[in-house]
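Observations on the three-dimensional arrangement
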Amino acid sequence: NMNTPVQGNGFVAERPVRFSDCDPSGIMFYPCCLIMLNSVVEDWWAHLGTPWKSLIMERRIGTPTTHLDTIFSAPSAFGDTVAFHLHVESIGKSSLVLRHIIAGPDQKHRWRARQRLVATSLDTHRSIPWPDDIRAAINLFLEES
């Protein structure tokens, strides 16, 4: 299983660095880091019991990223397995701030990110308050992180 919720450590998901993720020098190309980060966030939503398919297709709720800060401290290479550690920093009326720490097989940090998402109506494209059930799921995770 590539997604392992760990009590006290937030949500952890491992991803392999594939040939297609790397530039000609053999290290991970940074846009691929962000695509991988997005896949981890999508898996986290499913872990919360609110998969994107139901949020988007049935409930018409979007969770666009409105702010993303990244710091790259060491490269990842083809063949590495990287571990994404996702933590909830805060939840507001319609915003959510996630912290990500990405570590290599040596446990050393490769990069980190701070991401703000906002609940939006896919019909009006305006922010909306988090629905009570989603807020409750995030709050449970917040207490666990």
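Quick note: structure is the one above.
Residues numbered from 1 in each chain as written. Predicted model: local features only at pLDDT ≥ 70, side-chain atom pairs only at ≥ 80, totals over all residues. Heavy atoms only, no water.

1. Some points on the environment of His 47
By the secondary structure assignment, His 47 is in helix H1 (residues 30–47). Classification of His 47 as partly exposed rests on a relative accessible area of 36%. As for His 47 and Phe 141, which are separated by 94 residues in sequence, their C-alpha atoms are 9.9 Å apart. (Helix = DSSP H or I, 4+ residues; strand = E, 2+ residues; numbered from the N terminus. Buried < 20%, exposed > 50% of the residue type's maximum accessible area, 1.4 Å probe, protein only.)

2. Points about a nonpolar patch on the surface
On the surface, a nonpolar cluster with roughly 330 Å² of combined accessible area is contributed by Phe 29, Tyr 30 and Phe 72. Counting through the fold element by element, Phe 72 comes out in strand S4 (residues 65–72). Among the residues examined, Phe 72 registers a relative accessible area of 39% and is labelled partly exposed. (Patch = residues over 30% accessible without salt bridge, like charges linked within 9 Å, V, L, I, M, F, W, Y side chains within 5 Å. Areas by Shrake-Rupley, 256 points an atom, 1.4 Å probe, with all protein chains shown as cover. Salt bridge = Lys/Arg side-chain N within 4 Å of Asp/Glu carboxyl O.)

3. Some details on the side chain of Thr 50
Among the secondary structure elements, Thr 50 is positioned in the loop between H1 and helix H2 (52–58). You can call Thr 50 buried: its relative accessible area is 5%. Contact partners of Thr 50, with chain neighbours within four places excluded, come to Trp 45, Leu 55 and Ile 134. (Contact = heavy atoms within 4.5 Å.)

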